[in-house]
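# Structural overview for review
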Amino acid sequence: MKHWVMDYETLINCFVAVFQHYKTEETKVFVVHKLRNDYLELLNFINSNATNKEWHVSYNGLNFDSQITEFLIKEGHDLINIDPERIAYCLYLQAQETISRSNNEEFPKYSEKHLSVPQIDVFRLNHWDNKAKRSSLKWIQFSMDWHNIQEMPIHHSTMINTEDELDTVISYCVNDVESTKAILLLSKEQIALRRSLTNEYNINLYSASEPRISKELFLYFLSKKTGIKPYELKQLRTNREHIIVKDIILPYVKFKRKEFNSLLEKFNNLIIDTQETKGGFKYSVTHKGVRTDYGLGGLHGSKRAGVYEAKEGMIIMTSDVTSYYPNLAIRNGWSPAHIPQKEFCEQYEWFFEERKKIPKKDPKNYVFKIILNSTYGLSNDVNSFLYDPEFTMRITINGQLSLTMLYEMLSERIPGSIPLMQNTDGLEMMIPASYKDKYLEICGEWEKLTNLQLEHDQYQKMILADVNNYIAVFKSKEVTKEEYDSLKIKFPHHVFKEVEGRYLYAPTKCKGRFEFTDLALHKNKSFLIIPKAIYHYFVHDVIPEKFLSANRNILDYCGGIKAKGDWKFIETCFVKGKRKDTPLQKIVRYYISNKGCKIVKRNVTDAREIQIESGRWMQTAMNVFQQKDWLEYDVNDDYYIDNIYKEIENISKTKEKSQLSLF
């Protein structure tokens, strides 16, 4: 079977289609232009795709490329006998209409279920169409360290007249197809999972994001459970203008300390406007020197920045509530008001209990995890059949208050306890080692009271910037020589040590701006060398200068920037005392250099300019990767060293080489 990774370029007098076999290098290029007309071959090819059920894999293809394909299949034969530039113009008009529909948030002309050629859209699959994760192919190319992240150098309204111009369009399209194929390979396990789900439940989930999988499968199971038809369930919502919070707080929520009772009183007096939930409540509590911020979504609090190490006689406990938000609903019998409570709660609990029976390596375990975690979020989505904002607030508000109860119980009843962090579904606390059993006993009391479960582990060190940005080193454990060697290959940055024939291993966890492995592609991986160096400084006691000199991957030194709205990027250079401005594309990859130029962001309306890197730092754009000897890049190490030490100073208040002892 042949499936094809594909992309179209639609210009005013030129149409280019590129298809590459999803497993091999076989590539087909079709051009519709006065210099080359492959229109009939293109029609025959895509019609054979439809006949043979050969799939198209694309980036945002469900909203764009598939619409052009379907137009060609349904109406393309009417264009065979006209001039190729007129054909290209007809396809251009179809493309502009398709883009207009998408920009206006209208449904595509051809729905997915009616498409002649089956589709996998890696843009939708990865949920990059979501507002919080929205990413263009160029940005994903940057995140993948793709060699060429150049945008189309020719505007779609430009007439193509020469072979060179045509070659430029083709090369650009081939580059996009090859990078989309790279995303496909990275998404291989996700696609296999979706294929399995599609076959099992007879719901097309090939291009489904995780929230959509959750929505579709919960709908499927709930329909079977309640006997309500899926279409009828989809129409249901509970719309509310206000939520009186005192009516939804659990009766067991009680505190001893004044600061926590003040928090409870604030919640009891709160009436939530469901149209203004974002930022609708803010309150802070300071206890034992730790400030915790509360809102409508969750709590966040941490000790001031620093390195917190479990030295002799102390341990750092980290405790998380098992599937916290789902279990709050399950254990308290909550459901969206428009859905039968008994059936909803039984089905929700079934997902939780069934997941526990499935090995973690089984993809279905992950599916049930998605369903459990996404259901809470869908209850606050007006486009979801689970929508009931009171259900959402029951979970988030009681979640904060219940966790705060545990926080108070532990910090008050364990002498010498030092709270380090609280964050949505768990907490970290340093306690005397002799009180570990007492700690677990108190946690057991809380579990009995709330009917929830906690999972515990130990850290030996926390490198803490704030609640969202930290590095944690777990307590070391002894492993076999075989395990040791295997783990060292898989996680070379973790902590390994041989002591008198014993093999000790300590995993680590990095959050926020300290993450540098397995970053989600929609996230900003700019200047990855900085978090890497900070990590190795605090965890492996390697000074930044030494780390940089041993790690010379130019792409780790690169940053990425996006221009939005009325802004564009300009490269400003001074040649022989004269300023020369060169427009840059909307997404720019660059690094800090000694003799580069300045990249500025300019507002097209009022001509305001903002330097991307203020001060003396110069930049070199590198949208096309070039392999060079290191010195030829002319990298300014001072920029990276300065930023690394700023973070180190923020945490440890010193520039001295750290003297860490992890074992």
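Because the structure is predicted, anything quoted here is derived from the model rather than measured. (Residues numbered from 1 in each chain as written. Predicted model: local features only at pLDDT ≥ 70, side-chain atom pairs only at ≥ 80, totals over all residues. Heavy atoms only, no water.)

## Details of the nonpolar core
So the rule is basically this: In this text, buried Ala, Val, Leu, Ile, Met, Phe, Trp, Tyr and Cys residues form a nonpolar core when linked through side-chain atoms within 4.5 Å. For every residue, the accessible area (1.4 Å probe, protein chains only) is compared with the maximum for its type, and the residue is labelled buried under 20%, exposed over 50%, or partly exposed between those bounds. The numbering of helices and of strands both runs from the N terminus, where a helix is a DSSP run of H or I of at least 4 residues and a strand a run of E of at least 2. Note on contacts: a residue pair is in contact if any heavy atoms of the two residues lie within 4.5 Å.
One finds Leu217, Val253, Phe267, Ile397, Leu401, Leu410 and Trp446 to be the most contacted residues of the largest nonpolar core, which totals 77 residues. Counting residues per element, this core draws most heavily on helix 14 (residues 389-413), at 11 residues. In contact with Leu401, not counting residues within four places along its chain, are Ile249, Val253, Phe255, Leu263, Leu264 and Phe267. Leu528, Tyr537, Leu555 and Ile644 belong to the second-largest nonpolar core, a separate cluster that totals 45 residues.

## A closer look at the packing of aromatic side chains
The condition is simple: Under the pairing criterion, centres of Phe, Tyr and Trp rings, with the six-membered ring standing for Trp, must be within 6.5 Å; the plane angle then separates stacked pairs below 30 degrees from edge-to-face pairs above 60, leaving the rest tilted. Here, a charge over a ring is recorded when the distance from Lys NZ or Arg CZ to the ring centre is within 6 Å and its angle to the ring normal is within 35 degrees.
Within this structure, the stated rule accounts for 44 aromatic pairs. Both rings, one in Tyr591 and one in Tyr633, keep their centres 6.2 Å apart while their planes meet at 85°; by these two values the pair is edge-to-face. Of this pair, Tyr591 sits in strand 25 (residues 587-593) while Tyr633 sits in helix 19 (residues 630-633), and the two are 42 residues apart along the sequence. A relative accessible area of 3% places Tyr591 in the buried class. A network of ring pairs unites the aromatic residues Tyr201, Phe218, Tyr220, Phe221, Phe344, Tyr348, Trp350, Phe351, Phe368 and Phe391 as a single cluster. A cation sits over an aromatic face here: Lys525 above Phe142, 5.0 Å from the ring centre. The ring of Trp139 carries Lys562 above its face, with NZ or CZ at 4.3 Å from the centroid.

## Describing unusual backbone geometry
Located in the positive-phi region is Lys53, a residue other than glycine, with phi close to 55°. You can see Lys53 is positioned in the loop between helix 1 (39-51) and strand 5 (56-58). For Lys53, a relative accessible area of 49% translates into the label partly exposed.

## Brief notes about the environment of Val604
Within the secondary structure, Val604 is located in the loop between strand 26 (598-603) and strand 27 (609-611). Between the C-alpha atom of Val604 and that of Gly565, which follows or precedes it by 39 residues, the distance is 9.3 Å. Residues contacting Val604, with those up to four places away along its chain left out, are Asp566 and Lys568.

## Description of the sheet that holds strand 2 (residues 14-21)
This is how it is decided: Note on pairing: two strands pair once DSSP finds at least 2 bridges between them. For helices, the fitted line uses only the C-alpha atoms of the stretch in contact; every axis is such a line through C-alpha atoms, and the angle between N-to-C directions lies from 0 to 180 degrees.
Taken in spatial order, the 6 strands make up an open sheet running 4-3-2-1-5-6, and their pairing is mixed. A single partner strand is all that each edge strand has here, and the edge strands are strand 4 (36-37) and strand 6 (119-121). Pairing between strand 2 and strand 3 (residues 27-33): 6 bridges, direction antiparallel. Across the sheet, the residue bridging to Val16 is Val31, located in strand 3. Together, strand 1 (4-11), strand 2, strand 3, strand 4 and strand 5 form the strand contacts of helix 6 (residues 163-186), whose direction differs from that of strand 1 by roughly 145°.

## With respect to the sheet that holds strand 20 (residues 502-506)
The strands making up a sheet are joined through hydrogen bonds of the backbone, oriented either antiparallel or parallel. Read across the sheet, 3 strands follow the order 18-20-19 without closing on themselves; strand pairing throughout is antiparallel. Strands at the two margins of the open sheet, each flanked by one partner only, are strand 18 (477-479) and strand 19 (495-499). Direction aside, the axes of adjacent strands within the sheet are offset by 35° on average. Judged from the 3 bridges that link them, strand 18 and strand 20 form a sheet pairing that is antiparallel. Of the residues in strand 20, the one forming a bridge with Lys477 is Tyr505.

## Remarks on helix 1
Using the following cut-off: To estimate the expected span of a helix, subtract one from its residue number and multiply by 1.5 Å. Think of the arc as the fan of directions from the helix axis to the C-beta atoms.
Between the first and last C-alpha of helix 1 there are 18 Å, a value that for 13 residues agrees with the 18 Å anticipated at 1.5 Å per step. Among all positions of helix 1, only Tyr39, Leu42, Leu43, Phe45, Ile46, Asn49 and Ala50 are buried. All buried residues of helix 1 lie within an arc of 165° about the axis, which places them on one face of the element.

## Quick word on the packing of helix 17 (residues 529-540) against helix 20 (residues 637-652)
As a reminder, the rule being used: Throughout this description, any angle smaller than 35 degrees is read as roughly parallel, any larger than 145 degrees as roughly antiparallel, any in the 65 to 115 degree range as roughly perpendicular, and the remainder as oblique. The crossing is said to be left-handed when, going from far helix to near helix, the turn is anticlockwise and less than a right angle, and right-handed when the turn is clockwise. Amino acids are sorted into nonpolar (Ala, Val, Leu, Ile, Met, Phe, Trp, Tyr, Cys and Pro), charged (Asp, Glu, Lys and Arg) and polar (every other residue, Gly among them).
Between helix 17 and helix 20, the shortest axis-to-axis distance is 9 Å and the interhelical angle comes to 45°. By the angle class used here, helix 17 and helix 20 are oblique. Judged by the twist between their axes, the crossing of helix 17 over helix 20 is right-handed. Touching Ile529, Ile530, Ala533, Ile534, Tyr537 and Phe538 of helix 17 are Tyr640, Asn643, Ile644, Glu647, Ile648, Ile651 and Ser652, all from helix 20. Partitioning the contact of helix 17 with helix 20 into residue classes produces 10 nonpolar, 2 polar and 1 charged.

## Re the state of the cysteines
Condition: The term disulfide is used for any two cysteine sulfur atoms that are within 2.5 Å.
Tallied over the entire structure, the rule returns 1 disulfide. The residue that forms a disulfide with Cys573 is Cys597, at a sulfur-sulfur distance of 1.9 Å. Measuring handedness by torsion sign, the sulfur bridge of Cys573 and Cys597 sits at about 100° and is right-handed. Here the residue Cys573 occupies a position in strand 23 (residues 567-575), and Cys597 occupies one in the loop between strand 25 and strand 26, the gap between them amounting to 24 residues. No disulfide involves Cys90; its sulfur sits 14 Å from the nearest other cysteine sulfur, which is in Cys14.

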